[in-house]
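Structural description and commentary
One-letter residues, chain by chain:
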Amino acid sequence: MAWRRNISRSLKELRILLCQSSPASASTRTFVEKNYKDLKSLNPKFPFLIRECSGIQPQMWARYDMGVERCVNLDGMSEPQILKALEGLVKAGGATKA
């Protein structure tokens, strides 16, 4: 999982939007609880933004160079699927720099 170290090289910012109580955001909350500490320790100066808002559908936004952003809708995804989606966003950012 070397891609985890490349988050700060591939992205400028990562925003995760979720609801504090809805069932749709349950796996996103689990993802944040299980992975935030590890990801932050590997990328200590990188801005991981976790935004909670009542009633919102869970989403993950990646911001790249030149203000380009990509969004992944996390509704219905399991925690491993969310991790795979993040990996895809990181790899997409690395591909644009090659």
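Owing to the predicted nature of the structure, the values given are computational and were not obtained by experimental measurement.

Overview of the sheet that holds strand β2 (residues 48-52)
Within the open sheet, the 4 strands sit side by side as β2-β1-β3-β4. Their pairing is mixed. Among the strands making up the open sheet, the edge pair consists of β2 and β4 (69-73). Each neighbouring strand pair of the sheet contributes to a mean axis angle of 15 degrees, computed without reference to strand direction. Pairing of strand β1 (residues 13-18) with β2 involves 5 bridges; the strand directions are parallel. In the strand pairing of β2, L14 is matched with F48. Relative to β1, helix α2 (residues 26-42) is tilted by about 155 degrees, and along the sheet it contacts β1 and β2.

Regarding the pairing of β4
Both strand β3 (residues 59-63) and β4 contribute to a ladder of 5 bridges, which runs antiparallel. From the neighbouring strand, A62 faces β4, where its bridge partner is R70. Joining the antiparallel neighbours β3 and β4 is a turn of 5 residues, in which M66 adopts a positive phi near 60 degrees.

Considering the packing of aromatic side chains
As enumerated under the stated definition, the model contains 2 aromatic pairs in all. Centre to centre, the rings of F46 and F48 are 4.8 Å apart; their planes meet at 70 degrees, and the pair counts as edge-to-face. Just as F46 is buried, F48 falls in that class too. Through pairs of rings, three or more aromatic residues link up here, namely Y36, F46 and F48.

Description of α2
Its 17 residues place the ends of α2 25 Å apart at the C-alpha level, agreeing with the 24 Å of an ideal helix rising 1.5 Å per residue. Of all the bends found along α2, the most pronounced is centred on N35 and spans about 50 degrees. For α2, the set of buried residues is S27, T28, F31, V32, N35 and L39.

As for the side chain of S27
Among the secondary structure elements, S27 is positioned in helix α2. The class for S27 is buried, based on a relative accessible area of 18%. Here M77 takes part through its backbone oxygen, which lies 2.4 Å from a polar atom of the side chain of S27. Setting aside anything within four residues of it in sequence, one finds S27 in contact with M77, S78, E79 and I82.

A short note on the UniProt feature "domain: Ribosomal protein/NADH dehydrogenase" (unreviewed entry) in the chain
Per the UniProt record, the feature "domain: Ribosomal protein/NADH dehydrogenase" (unreviewed entry) sits at residues 20-93. Along residues 20-93, the helical share is 43% and the strand share 20%, with 29 Å between the first and last C-alpha atoms.

So, the side chain of N35
With respect to the helices and strands, N35 occurs in helix α2. Among all residues touching N35, those that are not within four sequence positions of it are R4, E79 and L83.

Reading the values: rules and limits
- Residues numbered from 1 in each chain as written.
- Predicted model: local features only at pLDDT ≥ 70, side-chain atom pairs only at ≥ 80, totals over all residues.
- Heavy atoms only, no water.
- Pairing = 2+ DSSP bridges.
- Helix = DSSP H or I, 4+ residues; strand = E, 2+ residues; numbered from the N terminus.
- Axes fitted to C-alpha atoms, helices over the stretch in contact; angles between N-to-C directions.
- Contact = heavy atoms within 4.5 Å.
- Phe/Tyr/Trp six-rings, centres within 6.5 Å; stacked < 30°, edge-to-face > 60°.
- Buried < 20%, exposed > 50% of the residue type's maximum accessible area, 1.4 Å probe, protein only.
- Expected span 1.5 Å × (residues − 1).
- Bend = angle between axes of the 7 residues up to and from the residue.
- Polar contact = N/O pair within 3.5 Å; in protein donor to acceptor, adjacent residues only side chain to side chain.
- UniProt positions renumbered as here; feature names shortened; annotations may be inferred.

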